[in-house]
Amino acid sequence: MRIVASVAALALFVGFLALGGWQVQRLAWKTALIAQVDARVHAAPVPAPGPDRWSAITREGDQYRRVVLHGVFRHDQETLVQAVTDLGAGFWVMTPLVEDRGFTVLVNRGFVTPDRRDPAMRADGQVGGPRTVVGLLRISEPKGGFLRANDPAGDRWRSRDVAAIAARRGLTHTAPYFVDADGRANPGGWPRGGLTVIRFPNSHLIYALTWLGMAMLTLVAYGLFWREERRRRP
């Protein structure tokens, strides 16, 4: 019995310590990621990646990078994607922008309420001519939302799936990312940009303390077990 208890206690103690150590490593990684993203968001904008860099774009290396685009919007090809924001439920307005460098980028120009889903209800915001857009580079969101798939054939979108939207609109030479426009006001006030939510859950410290606490409790329980064994077997 003593041998079994000792082996079990040792296995639990080592296992809990390993889990606690892993969470400490995750905490360091998450802290570094948050700092990295914060630096990207507040950095001076750089030109949005062109075709020569598309294959190298990654979520870890490029998500939320502040970029700038110069080109012309194709408002006739805009796509509405369902959204829930601090302003309520409505839609993201995803509009192709033909960049001066010869490729197309989907720009999330911002949020509109359901009563403004028709472009005619926000005509002032359908700006023409050369435009400059500053915003955050975002990675494509393929297939749809949680338990709700996109329906390209029905033109119903729950996520910003760049490839699917580009195919549905017949866009060519389109960047594999999209750009969330910043909060600069559009004429007429709509769409409302600058609503990107940047949130990284970071509970790794709590998890690490929990596992380390379990390791300590294992030692306490083992000590109580041995004390009871000695009492019963002088």
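Up top is the structure these notes are about.
Residues numbered from 1 in each chain as written. Predicted model: local features only at pLDDT ≥ 70, side-chain atom pairs only at ≥ 80, totals over all residues. Heavy atoms only, no water.

K.L.:
Just checking my understanding: could you explain the packing of aromatic side chains for this structure?
P.N.:
Ring pairs (aromatic) are described by centroid distance and by the angle formed between their planes. Under the defined criterion, the tally for this structure stands at two aromatic pairs. Both rings, one in Trp 54 and one in Phe 103, keep their centres 5.6 Å apart while their planes meet at 85 degrees; by these two values the pair is edge-to-face. In this pair, Trp 54 sits in the loop between β1 (46–47) and α2 (59–62) while Phe 103 sits in the loop between β4 (88–99) and β5 (104–112), placing the two residues 49 residues apart along the sequence. The burial state of Trp 54 is the same as that of Phe 103; both residues are buried. Judged by centre distance (6.2 Å) and plane angle (80 degrees), the ring pair of Trp 92 and Phe 111 falls under edge-to-face. Taken together, the residues Trp 92 in strand β4 and Phe 111 in strand β5 connect sequence positions 19 residues apart. No difference in accessibility class separates Trp 92 from Phe 111, as the two residues are buried. The ring of Phe 73 is capped by Arg 109, whose NZ or CZ atom sits 5.0 Å from the centre of that ring. (Phe/Tyr/Trp six-rings, centres within 6.5 Å; stacked < 30°, edge-to-face > 60°. Helix = DSSP H or I, 4+ residues; strand = E, 2+ residues; numbered from the N terminus. Buried < 20%, exposed > 50% of the residue type's maximum accessible area, 1.4 Å probe, protein only. Lys NZ or Arg CZ within 6 Å of the ring centre and 35° of its normal.)

K.L.:
Could you clarify how one ought to interpret the pattern of salt bridges in this entry?
P.N.:
Should their charged atoms come close, side chains of opposite charge can pair. Summed over the entire model, instances satisfying the criterion amount to 12 salt bridges. Salt-bridge contacts for Asp 62 lead to Arg 65; the nearest nitrogen and oxygen are separated by 3.5 Å. Overall, Arg 65 belongs to the partly exposed group, its relative accessible area being 27%. Glu 78 is the salt-bridge partner of Arg 122, the closest N and O atoms lying 2.7 Å from each other. Of this pair, Arg 122 sits in the loop between β5 and β6 (131–139) while Glu 78 sits in the loop between β2 (66–73) and β3 (79–85), and the two are 44 residues apart along the sequence. Of the residues examined, Arg 122 reaches a relative accessible area of 4% and is grouped as buried. According to the relative accessible area criterion, Glu 78 is buried, its value standing at 11%. One salt-bridge network, held together by shared partners, links Arg 138, Glu 141, Arg 160 and Asp 180. (Salt bridge = Lys/Arg side-chain N within 4 Å of Asp/Glu carboxyl O.)

K.L.:
Quick question: what am I supposed to make of the pairing of β6 here?
P.N.:
Every regular strand shows the same layout, with side chains that alternate between the two sheet faces. Of all the nine residues making up β6, seven are buried; the element is thus mostly covered by neighbouring parts of the structure. Bridging between β2 and β6 involves six bridges; their strand directions are antiparallel. Bridge pairing links His 70 to Thr 132 in β6. In this structure, β6 lies alongside strand β9 (residues 174–181), joined through five bridges in antiparallel fashion. The residue bridging Arg 138 from the neighbouring strand is Phe 178, located in β9. (Pairing = 2+ DSSP bridges.)

K.L.:
Sorry, what's going on with the side chain of His 75 here?
P.N.:
Its location among the elements puts His 75 in the loop between β2 and β3. Note on His 75: relative accessible area 15%, which makes it buried. In this structure the side chain of His 75 is engaged in a polar contact, spanning 2.6 Å, whose partner is the backbone oxygen of Val 127. Not counting residues up to four positions away in its chain, the partners in contact with His 75 are Thr 95, Arg 109, Gly 125, Gln 126 and Val 127. (Polar contact = N/O pair within 3.5 Å; in protein donor to acceptor, adjacent residues only side chain to side chain. Contact = heavy atoms within 4.5 Å.)

K.L.:
Can you walk me through the pairing of β2 in this structure?
P.N.:
Bridge count for β1 against β2 is two bridges, and the pairing is parallel. Within β2, the position partnered with Val 46 by the bridge is Val 67. In this sheet, β4 lies alongside β2 in antiparallel orientation, the contact comprising three bridges. When the sheet's bridge partners are listed, Val 72 is paired in β4 with Val 98.

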